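The residues making up each chain are set out below.
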Amino acid sequence: MRLSRRELIALMLGAPAVATGCSPPPVVPLHGELFGQSFDIGHRLRDGFRPRPADDQWRDVQVAIVGGGAAGLSAGRALLQGKCDDFVVLELEPVAGGTSRSEKKGDFAYPWGAHYVPVPLADNVPLIRLFTEMGVVESLAADGSPIVAEQYLCRDPEERLFYQGEWIEGLYPATGASVDDHVQLKAFRELIDTFAAWRDSTGRRAFAIPTSLATDDKEIMELDKLSMADWLRYEGFNSARLHWLVDYSCRDDYGLSAETTSAWAGLLYFASRLRAPGADHQPLISWPEGNGRIINHLAEVVGPRLQTGMAVTQLTPVTSDRGDFVEVTCFNTQTQSVTGLRARHVIFAAPQFLAPRLITEFTERTKRKTDEFEYGSWFVANLHLKDRPKQQQGYPLCWDNVMFRSRSLGYVVATHQAGRDYGPTVLTWYYPFTESHTREIREKLLKATWADLADVVLTDLEVPHPQIRQLVERLDIFRWGHAMIRPKPGFIASQQRREARHPDGRIHFANTDLSGVALFEEAFDHGCRAADEVLSMLPQDRV
Amino acid sequence: MSAGSMNRAPLVLLYLNVLIIATCGLVYELLAGTLASYLLGDSVTQFSLVIGLYLSAMGAGAWISRFVADKSLARCFIEVELGVALVGGLSAPLLFAAFSRVDIFGVVLYGFVFAIGSLVGLELPLLMRLLKEHLDFEDLVSRVLAFDYIGALLASLMFPIFLVPRLGLIRTSLLCGLLNAVVGVWGTYLLRPLLNRHGLLSLRIRGALVIGLLLIAFVQAETLTKLSEESALGHAVIHAETTQYQRLVLTRSEQGFRLYLNGHLQFNSMDEYRYHEALVHPALSPIKSPKQILVLGGGDGLAVREILRYPSIESVTLVDIDPGMTTLADRFPPLAELSKASLRDPRVTVINEDAFIWTGRANGPKFDAVVIDFPDPGNFAIGKLYTTRFYRMLRDRLNDGAMISIQCTSPLVAPKSYWCIVSTLEATGYQVRPYHAPVPTFGEWGFILASAGPIPDQLALSKDLTGKSRFLNDEVLNGMFVLPHDLVRVKTDINQLNNQALVHYYDEEWGVWK
Ligand SMILES: Cc1cc2nc3c(=O)[nH]c(=O)nc-3n(C[C@H](O)[C@H](O)[C@H](O)COP(=O)(O)OP(=O)(O)OC[C@H]3O[C@@H](n4cnc5c(N)ncnc54)[C@H](O)[C@@H]3O)c2cc1C
């Protein structure tokens, strides 16, 4: 059943928006498209689609990487650096990048998903190397921390909040805050500082990125049992403004409200970005096309080994007298042809929920399940504006622009990092489905039409920008079904998650969801680790 | 009924009308002359053209008055009054509005002058014919002429002393329009015996409408942006427009005209030569024969005027984001006069693009000198043009030994801002020599001479400038680099894209002075 415009707005933006959103006519005279992941393939796999390649369609390869997202491409780069160049990266979508993909249209490049990475701390050496290779890191300070080229750091003014009818600097709703609000904000920051200072007996930090560098000490892991909101209350924080800030952060990073985000994950967001107690948050690195810039770099490094439009439909470990290998069945979504690869190793860089569907007898062999891996859905819209919204007062247009009362996360300005401050621009609008969207609601929303969704986007943006409808020339929407792993309480510490990274014979796993949090650094870390696992086994293969 | 039924009292009132009519008539003429010389420059020509045209139009009006039949004299007089009220009263606001929108502004202006002149020329002959019945001819002529001349004297005294300074051009014109309209409506009472009943009501209604319209315009004028700017800027606004990038306002006073961008003074035609000589020549004089020059900002063309004084110049590239600015001289002849139409020189190429984007483009051309004349760093979009990133990109635009000069706000008012720019350049690896110059309308002004290589200690003006520079000679040129005690260096952060330290300093320092 199709939702009415009112129902859709109420579902997505909440009751208050219905009141404001009723007046303008629903007709949106503009162009745009609704994109999505290739649902077809996903469903066909679930429905048992198992094509077999003809006997003459097989070929040998040392490593097959399943998935050309951040993790898969990072794995490919790591293999090359380990002197292994006999591999392919198989990506089901026509474009690589997964949830970090981006697009270029005319003069503008803009993200469809991930858009920034905080400057890595000195201990994230592999990532610093990648950024150095990209020319993003120019040199290292004496302590090993990277010095990032100015143009890649998020340009000031960075973020603003539309609060009580006015744009204010920063994300904290400071207007009218009481002394108690400020005291609590300060106390919160001090508490985060204690986590930043915390070290376990082996010197590991409480919260580090990649998370593989962090402690697994019980005291810290216990935090995963609580929700972030519970933790705040437990620590005596009741300032509504502070709760809003934390809730916003959880929605922004994990697509979950503070009530359903694990406190461990919530604190990771705040504490992992501090170099030292009392330090400012690490600055952010961003590009007009967001993390699509990193993807493009990795894709260039990997070169023709990256094959897009190639859906892996089955992975079957085989033991034979010619040695052990994995049969990889590939379905070319363009030509509809089926080919097979006999790969010595597979790096499975797709999300874990696909493992039981793709890997033959996965559960029977590994005794592992993936049902605790839960994913959130997102809508991302790119709005092409012929000019910027006029603004008389308040803090000027920033890179990140957030609306206090909105359920969306606001928008990022694609031209900001290009230094373009006038005229046409592209805004990337983000909307996570939090847990308040039941399965039923989610199904409904995923069925909504472009026109209805475009109207929701505009209704949301009309609050701070009443003239937005006159400025938008094109509005594209991307519907991400399984977009982001959800770090709900208990998931990080769960056995299922901790074991998921262990190889299944010659199949190695690499995806950000293994960390329980969706971050580029995690995807990169898993990609590098999986490649290392493979590289360490290659000499034995040759024997 | 005849005019003979008018008693003596209204007759005195009729003389008062003559006085008002005469005053307003001359004010319109003065207004048109002032407006023409403000907007088109060359005041002697404009004034004599306007006066000549106006007088001949008055003659034409007087001649037309012959064709008015005796019985419709009174109605005609009142209609003419309402016509003057409308055309004359709205002349200044309409002409100002037309200036930035109409290409053939001259035609519109002189059309107005002619229309007002003819209407005013009709007034007195009609009035005299109305009064003819009451007085003998000599008496009539001498009295009317006396009041006419008194009115002219009144106008010429009040116009410069009270009207323009207090009310501004727009409201002066509206006020005179109102007076004319009042005379018209009043006439429907004074001359009532001469008017037929039917026409009377329609005349009064029209009169009320004209008065209403002018009153609204008069009251609204206060809230019009132009006038609010006028009171803020203290001078008559002769041109204002909001481009995609900024608000451009030109004001005019007896001493000259001024350009404001977003409310910040860019130059005053009186003393801009000091600013532009100080900006350009320190960068160009150390170069043997400067050929390729880059100007960033400076869309008024005044810096380019200084650059073109060097005969060795082969090309000047000017990058200014705002086409509204770089074409201003085409629409505002006094600026073309001042800049010697420098942007129309065949050696000059104008590029309308954000200098940040233009400079950052790979493999661009290189230059012998760069003159940077950006507005003060009052917002983030301009602040980026003073960052280490920007200065780093600029290095790829420099030939060996190239010199850069930069306007850098006032080191006296905003020392942190000034020295922040110095430190930022140093952090980017430039050699830097700070200097300053007094520019009366700006105050103590700061500049920086920078180069990727060494900068000579002593500078000497090029021979080509001998006798041409109004401010600089060799002593003054070198003297600008001597900093007095109150301009000592202060420690500051470096301005980067990700901290925009300069915009924050600037806000803080100029905020105190505003
Ligand atoms: C809206 C949004 C915003 C985000 N913002 C940020 C951010 O700002 N910063 C940040 O660090 N992170 C952000 N993230 C998290 C982002 O998910 C990670 O940064 C990272 O891109 C994850 O990469 P991945 O390779 O692990 O997984 P994915 O991106 O999910 O890549 C998996 C790839 O495998 C492919 N695949 C799946 N099945 C098959 C098959 N059968 N055959 C072949 N290929 C297959 C998919 O098409 C996909 O390309 C965001 C995520 C979303 C959804």
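It should be emphasised that the depicted structure is a prediction, and the values quoted were computed from it without experimental measurement.

### Details of the packing of helix H3 (residues 73–89) of chain B against helix H6 (residues 137–190) of chain B
Residues and elements named next belong to chain B.
Then comes step 1: At a minimum axis separation of 8 Å, H3 and H6 run at an interaxial angle of 165°. With respect to H6, the axis of H3 lies roughly antiparallel. In the crossing of H3 with H6, the sense of the turn from one axis to the other is left-handed. Contacts from Phe77, Ile78, Glu81, Leu82, Val84, Ala85, Gly88 and Gly89 in H3 reach Ser173, Leu174, Gly177, Asn180, Ala181, Val183, Gly184, Gly187 and Thr188 in H6.
Then comes step 2: Counted by class, the contact of H3 with H6 contains eight nonpolar, eight polar and one charged residues.

### A look at the pattern of salt bridges
Then comes step 1: On inspection of all chains with the given rule, the structure shows 41 salt bridges over all chains.
Then comes step 2: Residue Asp70(B) is joined to Arg129(B) by a salt bridge in which the shortest nitrogen-to-oxygen separation is 3.0 Å. Here the residue Asp70(B) occupies a position in the loop between helix H2 (43–64) and H3, and Arg129(B) occupies one in helix H5 (residues 105–131), the gap between them amounting to 59 residues.
Then comes step 3: Residue class for Asp70(B) comes out exposed when judged on its relative accessible area of 57%.
Then comes step 4: Here Arg361(B) and Glu353(B) are joined by a salt bridge, their closest N and O atoms 2.4 Å apart.
Then comes step 5: Since its relative accessible area comes to 19%, Glu353(B) is described here as buried.
Then comes step 6: Bridged by salt links that share partners, the residues Glu33(A), Glu103(A), Lys105(A), Arg474(A) and Asp476(A) form one connected network.

### Section: the domain arrangement of chain B
Then comes step 1: Taken as a whole, chain B is organised into domain 1 (3–224) and domain 2 (269–510).
Then comes step 2: The gap between the C-alpha centroids of domain 1 of chain B and domain 2 of chain B is 51 Å.

### Some points on the pairing of strand S7 (residues 137–140) of chain A
Taken residue by residue, a regular strand's side chains alternate between the two faces of the sheet.
All names here are of chain A.
Then comes step 1: Here three bridges tie S7 to strand S8 (residues 146–148), and the two strands are oriented antiparallel to one another. Across the sheet, the residue bridging to Ser139 is Ile147, located in S8.
Then comes step 2: With antiparallel pairing between neighbouring strands as the criterion, S7 and S8 make up a hairpin whose turn holds five residues, including Gly144 at a positive phi of roughly 90°.

### Brief notes about the site of the ligand
All names here are of chain A.
Then comes step 1: Around the ligand, 36 residues are found, and the nearest of them are Ala71, Glu91, Thr99, Ser100 and Phe520.
Then comes step 2: Between the ligand and the protein, one listed contact pairs an oxygen atom with a backbone N or O atom of Ala71 at 2.8 Å.
Then comes step 3: Contact distances for the ligand include 3.3 Å between an oxygen atom and a backbone N or O atom of Gly98.
Then comes step 4: In isolation the ligand has 990 Å² of accessible area, and contact with the protein removes 94% of it.
Then comes step 5: Broken down by secondary-structure element, the contributors of at least two residues to the shell around the ligand are helix H4 (70–81), strand S3 (87–91), strand S13 (310–320), strand S16 (375–385), strand S20 (472–485) and helix H18 (520–542).
Then comes step 6: For the shell around the ligand, the residue count by class is 23 nonpolar, ten polar and three charged.
Then comes step 7: Two domains each provide a minimum of three residues to the shell around the ligand, namely domain 1 (5–30 + 375–485) and domain 2 (52–103 + 291–369 + 489–542).

### Considering the interface of chain A and chain B
Then comes step 1: Residue-level contacts link 16 residues of chain A with 20 residues of chain B.
Then comes step 2: For the pair chain A and chain B, the summed buried area comes to about 1,500 Å², and 54% of that belongs to carbon and sulfur atoms.
Then comes step 3: When residues of chain A are sorted by the area they lose upon contact with chain B, Glu150(A), Asp156(A) and Tyr422(A) head the list and together hold 46% of the total.
Then comes step 4: Seen at the junction of chain A and chain B, the total is one salt bridge.
Then comes step 5: The partner of Lys384(B) in a salt bridge is Asp421(A), and the shortest N-O contact between them spans 2.4 Å.
Then comes step 6: In this assembly, chain A and chain B are joined by eight residue pairs in polar contact (both at pLDDT 80 or more).
Then comes step 7: Here the residues of the side of chain A that touches chain B are counted per class, giving seven nonpolar, three polar and six charged.

### Remarks on the packing of helix H6 (residues 179–197) of chain A against helix H10 (residues 263–271) of chain A
Residues and elements named next belong to chain A.
Then comes step 1: Contact geometry for H6 and H10: axes closest at 10 Å, N-to-C directions at 90°. The angle between H6 and H10 falls in the class roughly perpendicular. Here Phe188, Ile192, Phe195 and Ala196 of H6 come into contact with H10, specifically with Leu267, Phe270 and Ala271.

### Brief notes about helix H16 (residues 388–395) of chain B
Residue and element names in this part refer to chain B.
Then comes step 1: In terms of burial, H16 is a largely internal element, six of the eight residues being buried.
Then comes step 2: Listed in full, the buried residues belonging to H16 are Thr388, Arg389, Phe390, Tyr391, Met393 and Leu394.
Then comes step 3: Looking at the packing, one finds that the buried side of H16 touches strand S5 (292–297), helix H14 (355–360), strand S8 (367–373), strand S9 (398–407) and helix H17 (415–427).

### Describing the nonpolar core
Then comes step 1: Core analysis: the biggest nonpolar cluster contains 94 residues, and Phe188(A), Phe207(A), Met228(A), Leu315(A), Val328(A) and Phe348(A) have the highest contact counts within it.
Then comes step 2: It is H10(A) that contributes the most residues to this core, eight residues altogether.
Then comes step 3: Beyond its immediate stretch of four places on either side in the chain, Phe188(A) contacts Met228(A), Trp231(A), Leu232(A), Phe237(A), Leu242(A), Val246(A) and Phe270(A).
Then comes step 4: Ala36(B), Leu127(B), Leu191(B) and Ile238(B) belong to the second-largest nonpolar core, a separate cluster that totals 84 residues.

Rules of the game
- Residues numbered from 1 in each chain as written.
- Chains lettered and ligands numbered in written order.
- Predicted model: local features only at pLDDT ≥ 70, side-chain atom pairs only at ≥ 80, totals over all residues.
- Heavy atoms only, no water.
- Axes fitted to C-alpha atoms, helices over the stretch in contact; angles between N-to-C directions.
- Helix = DSSP H or I, 4+ residues; strand = E, 2+ residues; numbered from the N terminus.
- Parallel < 35°, antiparallel > 145°, perpendicular 65-115°, else oblique.
- Left-handed = near helix turned anticlockwise from the far one by under 90°.
- Contact = heavy atoms within 4.5 Å.
- Nonpolar A, V, L, I, M, F, W, Y, C, P; charged D, E, K, R; others polar.
- Salt bridge = Lys/Arg side-chain N within 4 Å of Asp/Glu carboxyl O.
- Buried < 20%, exposed > 50% of the residue type's maximum accessible area, 1.4 Å probe, protein only.
- Domains from an automatic or database assignment.
- Pairing = 2+ DSSP bridges.
- Near = heavy atom within 4 Å.
- Polar contact = N/O pair within 3.5 Å; in protein donor to acceptor, adjacent residues only side chain to side chain.
- Areas by Shrake-Rupley, 256 points an atom, 1.4 Å probe, with all protein chains shown as cover.
- Buried area = accessible area lost by both parts, 1.4 Å probe.
- Core = buried A, V, L, I, M, F, W, Y, C linked by side-chain atoms within 4.5 Å.

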